[in-house]
Amino acid sequence: MDRWLSNTNVVKIISLIIGIMLWAVVRSDGSSVSGTNALEIIEQQIGNVSITPKYDTDKYFIQSIEPAQVSLSLSGREAALKKAMNSGNLSVELDLTKVGKGEFVLPVTPVDIPSNVTAKVVPSNVKVVIDEKMIKSMQVTINVTGIPGVGLKAGQPVVKPKQVTVSVPSRIYDQVDSVRADVNVEKATSAVTKKATLQAYDKDGKLIETAVITPNIVDVEVPITSPFTLVPLQIKLIGEPPRGLAVSAVRQSTDKVTVYGPQNVLDRMEFYEGPQVNLNDLKEDTEFSLTIPVRNNLKQLDPDKVTVNVSIVPSVTKTLEAIPLSFVGQNDGFNTKVVLPESGQLNLTVEGAPAIIEKLKPQDVQAILDVSNLPPGKHEVSVTWNLPTFVKKGGQQDFKATVEISAKGDKPVTEGAASPNVPAGATP
């Protein structure tokens, strides 16, 4: 062995083998870049890194950060850089916890950087504008769009919750005018239900993108019905209580009704004729529970029932004096006048509830003579009375009057006049 080592050729061969082995070890090191020493410090640039602000979100809004993105320069050994970049945790933070509302120039800091990597942010400072947060409570408005199926109509939307809170920067607090969502009912034949996303708008209808709405999604239901209208409900009263009794009041549980049906029918409707109430033979207060009939090709009524309470009291009488006679059906080409009674007036005894009769005056009653289609001459005409509600004629009173009709310019007829029946109490 000693003899071999003393041989210089053997030593050279052994040195060559060791050198080749060391070279192979270096080549097999974990370096990923050809020709790069594993112990060498290298630098890596990362651009367009977003800034994460750290602040009290319950009190403040970030109005702006300039620039919004920065570059991050990392330096370290290649293996360490590769591990850091593959972690996905690299970020840049802007600490605003020690400042309030206003404009500031503050440093940004890289976070989650491994200890064996050095990081530098370019630029190192940014300008930030901070505004205070203000909150207002607002009603939700649903904007119904589209046209439902033929002959149908969208009803009033039902939204839950009805009210939400809106958080905005203080500078635009007064600009927030509405919170609304759109619901499309195009060709719908039944109620439309959906979850709608809310947005805030200013008075000009412009979207306020910075507004934060809580909750920002609401449940909406839009009823789809036949067209409808709300009109007065008219109860028809027929007959009258026995002599000596009178109606003092009639009360309805509802005086209006919502009517659903064809639009052309609804357009002509001024009131809805409800059920009849028969007053004949009523001797005491009476309650009627009645179904409201559906008429004229209508589809639905709401409500469909009505309760009517009729109050009955002992009646009183009163004589109204000097009630003037008036004409209906008078021809413009003729003169018409009352011959008998000469005064052209009558007295009438009326009967009704005390509270009504006490206030009744002669001008509240009309005595009417219908002269329609009567030729020139003298005629005996029955008197028709137009009386207020719940007022009737007292006792048997039949009235007639004599009228004279002549062409304009002719002399009045003076002979052959019929004698009218003028009852007691009438002014002759």
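Residues numbered from 1 in each chain as written. Predicted model: local features only at pLDDT ≥ 70, side-chain atom pairs only at ≥ 80, totals over all residues. Heavy atoms only, no water.

Caption draft 1: Quick look at the overall build of the chain. Helices and strands together make up the secondary structure of the chain, namely 5 helices and 31 strands. Within the span of the chain, comprising 428 residues, buried residues form 32% of the whole. Considering only intrachain contacts with a sequence separation of at least 6, the fraction spanning at least 24 residues in the chain is 72%. Counting every atom, the chain has about 26,200 Å² of accessible surface; 49% of that belongs to carbon and sulfur. (Helix = DSSP H or I, 4+ residues; strand = E, 2+ residues; numbered from the N terminus. Buried < 20%, exposed > 50% of the residue type's maximum accessible area, 1.4 Å probe, protein only. Contact = heavy atoms within 4.5 Å. Areas by Shrake-Rupley, 256 points an atom, 1.4 Å probe, with all protein chains shown as cover.)

Caption draft 2: Looking closely at the nonpolar core. Among the nonpolar cores identified, the biggest contains 25 residues, and Val-166, Val-179, Leu-198, Ala-200 and Val-220 are the most heavily contacted of them. Every element with two or more residues in this core is listed here: strand 8 (125-145), strand 11 (163-169), strand 12 (178-184), strand 13 (192-197) and strand 16 (217-222). Those residues in contact with Val-220, other than ones at most four positions away along the chain, are Ile-142, Pro-157, Val-158, Val-159, Val-183, Val-192, Thr-193, Lys-194 and Ala-196. Val-265, Tyr-272, Val-277 and Val-308 belong to the second-largest nonpolar core, a separate cluster that totals 23 residues. (Core = buried A, V, L, I, M, F, W, Y, C linked by side-chain atoms within 4.5 Å.)

Caption draft 3: Local environment of the confidence of the model for the chain. Per-chain confidence: the chain averages 85 in pLDDT, with 86% of residues scoring 70 or above. Per-element confidence in the chain ranges from a low mean pLDDT of 52 for helix 1 (residues 2-5) to a high of 97 for strand 16. Every residue in residues 26-35 is under pLDDT 50, and counting partners more than four places away or in other chains gives 5 contacts. Taken as a whole, residues 414-428 scores under 50 in pLDDT and shows 27 contacts with residues more than four places along the chain or in a different chain. (pLDDT = per-residue confidence, 0-100.)

Caption draft 4: Main features of the sheet that holds strand 19 (residues 245-252). With antiparallel pairing, the 3 strands of this open sheet are ordered in space as 19-24-22. Either end of the sheet is taken by a strand with one partner, and the two such strands are strand 19 and strand 22 (286-291). Strand-to-strand twist in this sheet, taken as the mean axis angle between neighbours without regard to direction, amounts to 25°. As paired strands, strand 22 and strand 24 (residues 305-314) are joined by 6 bridges and run antiparallel to one another. By the bridge assignment, Leu-290 is partnered in strand 24 with Val-306. (Pairing = 2+ DSSP bridges. Axes fitted to C-alpha atoms, helices over the stretch in contact; angles between N-to-C directions.)

Caption draft 5: Spatial organisation of the environment of Lys-162. Position of Lys-162 relative to the elements: it lies in the loop between strand 10 (158-160) and strand 11. The class of Lys-162 is exposed, set by a relative accessible area of 58%. Expressed as a C-alpha distance, the spacing of Lys-162 and Val-218, which sit 56 residues apart in the sequence, is 8.5 Å.

Caption draft 6: Molecular detail of the pattern of salt bridges. Following the criterion strictly, the structure yields 7 salt bridges and no others. In this structure, the salt-bridge partner of Asp-219 is Lys-195, at a minimum N-O distance of 2.7 Å. In this pair, Asp-219 sits in strand 16 while Lys-195 sits in strand 13, placing the two residues 24 residues apart along the sequence. Here Glu-404 ties to Lys-337 by a salt bridge, and the two come within 3.9 Å at their closest N and O atoms. Of the two residues, Glu-404 is situated in strand 31 (residues 400-407) and Lys-337 in strand 26 (residues 334-340); the sequence distance between them amounts to 67 residues. Each of Lys-101, Asp-131 and Arg-171 takes part in one network of salt bridges that share partners. (Salt bridge = Lys/Arg side-chain N within 4 Å of Asp/Glu carboxyl O.)

Caption draft 7: Representation of the pairing of strand 1 (residues 41-54) within the structure. As defined by bridge partners, strand 1 adjoins strand 3 (residues 69-77) across 8 bridges and the pair is classed as antiparallel. Within the sheet, the bridge partner assigned to Val-49 lies in strand 3 and is Val-70.

Caption draft 8: Seen up close, unusual backbone geometry. Cis geometry marks the peptide bond from Glu-66 to Pro-67; its omega dihedral reads -5°. Of note, the amide linkage connecting Leu-340 to Pro-341 takes the cis form, showing an omega dihedral of -5°. Of note, Pro-341 is situated in the loop between strand 26 and strand 27 (345-352). With phi around 70°, Asp-281 is a residue other than glycine that occupies positive phi space. As for its position among the elements, Asp-281 is in the loop between strand 21 (272-278) and strand 22. When its relative accessible area of 63% is taken as the criterion, Asp-281 is described as exposed.

Caption draft 9: Representation of the packing of aromatic side chains within the structure. Enumeration over the complete set of coordinates arrives at 2 aromatic pairs. For the pair Phe-228 and Tyr-260, a centre-to-centre distance of 5.3 Å together with 45° between the ring planes defines the contact as tilted. In this pair, Phe-228 sits in strand 18 (residues 228-238) while Tyr-260 sits in strand 20 (residues 256-260), placing the two residues 32 residues apart along the sequence. Among the residues examined, Tyr-260 registers a relative accessible area of 14% and is labelled buried. Measuring from ring centre to ring centre gives 5.3 Å for Trp-385 and Phe-399, while their planes differ by 75°; the resulting arrangement is edge-to-face. Residue Trp-385 is found in strand 29 (residues 377-386), and its partner Phe-399 is found in the loop between strand 30 (392-393) and strand 31; the two are separated by 14 residues along the sequence. Of the two residues examined, Trp-385 and Phe-399, each falls in the buried class. Above the plane of the ring of Phe-228 lies Lys-153, whose end atom (NZ or CZ) is 4.8 Å from the centre. The ring of Tyr-201 carries Arg-180 above its face, with NZ or CZ at 3.8 Å from the centroid. (Phe/Tyr/Trp six-rings, centres within 6.5 Å; stacked < 30°, edge-to-face > 60°. Lys NZ or Arg CZ within 6 Å of the ring centre and 35° of its normal.)

Caption draft 10: Structural context of the side chain of Ser-311. Following the sequence through the fold, Ser-311 ends up in strand 24. Of the polar contacts made by the side chain of Ser-311, one reaches the side chain of Arg-251; its length is 2.9 Å. (Polar contact = N/O pair within 3.5 Å; in protein donor to acceptor, adjacent residues only side chain to side chain.)

Caption draft 11: Just the sheet that holds strand 6 (residues 109-111), in detail. What the 5 strands build is an open sheet, ordered 6-4-1-3-7; its pairing is mixed. For this open sheet the edge positions go to strand 6 and strand 7 (118-122), each flanked by a neighbour on one side alone. Taken over all neighbouring pairs, the strand axes of this sheet differ in orientation by 40° on average, direction set aside. Where strand 3 and strand 7 come together, 5 bridges link them in antiparallel fashion. Residue pairing in the sheet places Leu-72 in a bridge with Val-121 of strand 7.

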